[in-house]
Amino acid sequence: MIPLEEWKEYVLSGIEPLPPMEVPLLEAAGLRLAEEVRTPHPLPPFDSASMDGYAVLWEDLLAGGGEAQLRVVGEVRAGQAWQGRLFRGEAVRISTGAALPPGADTVIPKEHAEETEGRVRVRGREKGAFVRGAGEDLREGEVVASPGDQLTPALLGLLASVGRASVKVRPRPRVGVFATGDELVEPPAGLGPGRIYDSNSYLLAALVREVGGKAFRGGVVPDSPGALESVLSAWRGQADVVLVTGGVSAGDHDYSRDLVSKLGGRVERVAIQPGMPQGFARFEGIPVFALPGNPVSVFVSYELFVRPALLKMMGFPRWERPRVRAMMEEPVASPPEKVQFLRVSLKRKALGWAARPTGGAGSHLLRTVALADGLAVIPRGVSQVPAGASVEVVVTREEVLLSGGL
Ligand code: AMP
Ligand code: MG
């Protein structure tokens, strides 16, 4: 057996961020930027009114001790530009967001003005009031966003406001998911004797989507020599990563293992439970993860090896889930030669988090995963965790941190 860290290092060291790609703005949501963006114009681009009212020259009000009687010479609405200049003694009716006429320097809100028969009486206290200055948000040429920035909804909005319709990002990895096994049936077809439904490819595809990747399920591949290789060849050029489940142990009909060896990769027994047999290779440069067949092993392997790889490909600086310390509410046993990842539910108590196993340790018990908020990490060398002991929990259902497990 090899240590968990060694396998993780082996798998992740060869994974690189995907080459940048220009995508439409909205498709970039949640991804990482791969270019520097500067604004080609100031933001806001021009001086404008922040209230509905009258554009005036402050000098007129100054002369009248903060009041003036002005001639209304027209109107400027949002989206229009006033032709010509505004002169002393004149006012222009202006809408919120409309460009200030040249010459004007102050806006008097409607509430402080009375208009009658082409003349308006205005009151004001300060020069420049209710004017949004050009460049107040960003100066022309200023950096809007830098490589590596996460494209949050607000940043996407800001990029649109400087005229961008698309941006260069680290794209979503296209992930092909293949399940191997003669026993597997695609739901909802009927189950024959000895057959089970393929759950792994749904589990994995959904996990990939959750992290931001593009998953497609490539269907069930039979247990026969060469079958997997011909499937991979058929999907050539359509995936950035391939995930295969099943057939990586030492059984007579475990052919994923053979493929990994043929591709010059490695199959190892990694000192974890569940998820001990692991394979990794490259098919024409594309990383291929050969994961075990048991659904719980699939989940744990994904969390430990695949998810970090996908985040690295998407240019994220951190690949780890949040971890909390929790008090184990029940005693648990663990194989001392391995690190155990035990499915637990979490609850926030007065003195911190409490963890409780969601079921047995068997790696076929997928419901224990469906009920879990995280994976309690039972380190190597530990064979018993007594009730009340403190454990570290990798939080896989991050909503629990907000809800407290209620
Ligand atoms: P294997 O690694 O191929 O020996 O499979 C280990 C166990 O996982 C066996 O009990 C398989 O039936 C089960 N298994 C393999 N693939 C899947 C799958 N896609 N969905 C559900 N169970 C599976
Ligand atoms: Mg199998």
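Because the structure is a prediction, the values reported are computed rather than measured.

Peer 1: Could you clarify how one ought to interpret the overall build of the chain in this entry?
Peer 2: Looking only at helices and strands, the chain has 9 helices and 29 strands in total. Taken over the C-alpha atoms alone, the chain extends approximately 95 × 55 × 40 Å along its principal axes. Looking at the chain as a whole, 45% of its 406 residues qualify as buried. Pairs at least 24 residues apart make up 71% of the contacts formed inside the chain by residues separated by at least 6 positions. With the model as given, the accessible surface of the chain reaches about 19,400 Å², and the carbon-plus-sulfur share is 53%. Charge separation in the chain, taken as the distance between the mean sites of 46 positive and 48 negative side-chain charges, equals 2 Å.

Peer 1: Would you explain unusual backbone geometry in this entry?
Peer 2: A negative phi holds for most residues other than glycine; trans holds for most peptide bonds. L43 connects to P44 through a cis peptide bond whose omega is -10°. As for its placement among the helices and strands, P44 is situated in the loop between β3 (37–38) and β4 (48–49). Residue P188 is reached from P187 by a cis peptide bond, and omega for that bond is 10°. Inspection of the secondary structure assignment puts P188 in the loop between β15 (184–185) and β16 (196–197). A positive phi is found at E117, a non-glycine position, where the angle reads about 45°. Within the element layout of this structure, E117 appears in the loop between β9 (113–116) and β10 (119–123). Although it is not a glycine, E284 adopts a positive phi angle of roughly 50°.

Peer 1: Quick question: what am I supposed to make of the packing of helix α5 (residues 227–234) against helix α6 (residues 255–262) here?
Peer 2: Pairs of packed helices are described in terms of their axes, by the angle between the two and the distance that separates them. For the pair α5 and α6, interaxial distance at closest approach is 8 Å and the crossing angle is 60°. Residues L228, E229 and L232 of α5 lie in contact with α6, whose contacting residues are S256, L259 and K262. Partitioning the contact of α5 with α6 into residue classes produces 3 nonpolar, 1 polar and 2 charged.

Peer 1: So what exactly am I meant to see when it comes to the side chain of Q340 here?
Peer 2: By secondary structure assignment, the location of Q340 is in strand β25 (residues 339–349). Separated by 2.9 Å, the side chains of Q340 and S334 make a polar contact. In contact with Q340, not counting residues within four places along its chain, are Q273, A333, S334, P335, A361, A376, V377 and I378.

About the cut-offs
Residues numbered from 1 in each chain as written. Chains lettered and ligands numbered in written order. Predicted model: local features only at pLDDT ≥ 70, side-chain atom pairs only at ≥ 80, totals over all residues. Heavy atoms only, no water. Helix = DSSP H or I, 4+ residues; strand = E, 2+ residues; numbered from the N terminus. Buried < 20%, exposed > 50% of the residue type's maximum accessible area, 1.4 Å probe, protein only. Contact = heavy atoms within 4.5 Å. Areas by Shrake-Rupley, 256 points an atom, 1.4 Å probe, with all protein chains shown as cover. Lys, Arg positive; Asp, Glu negative; His and termini not counted. Charge placed at Lys NZ, Arg CZ, Asp CG, Glu CD. Axes fitted to C-alpha atoms, helices over the stretch in contact; angles between N-to-C directions. Nonpolar A, V, L, I, M, F, W, Y, C, P; charged D, E, K, R; others polar. Polar contact = N/O pair within 3.5 Å; in protein donor to acceptor, adjacent residues only side chain to side chain.

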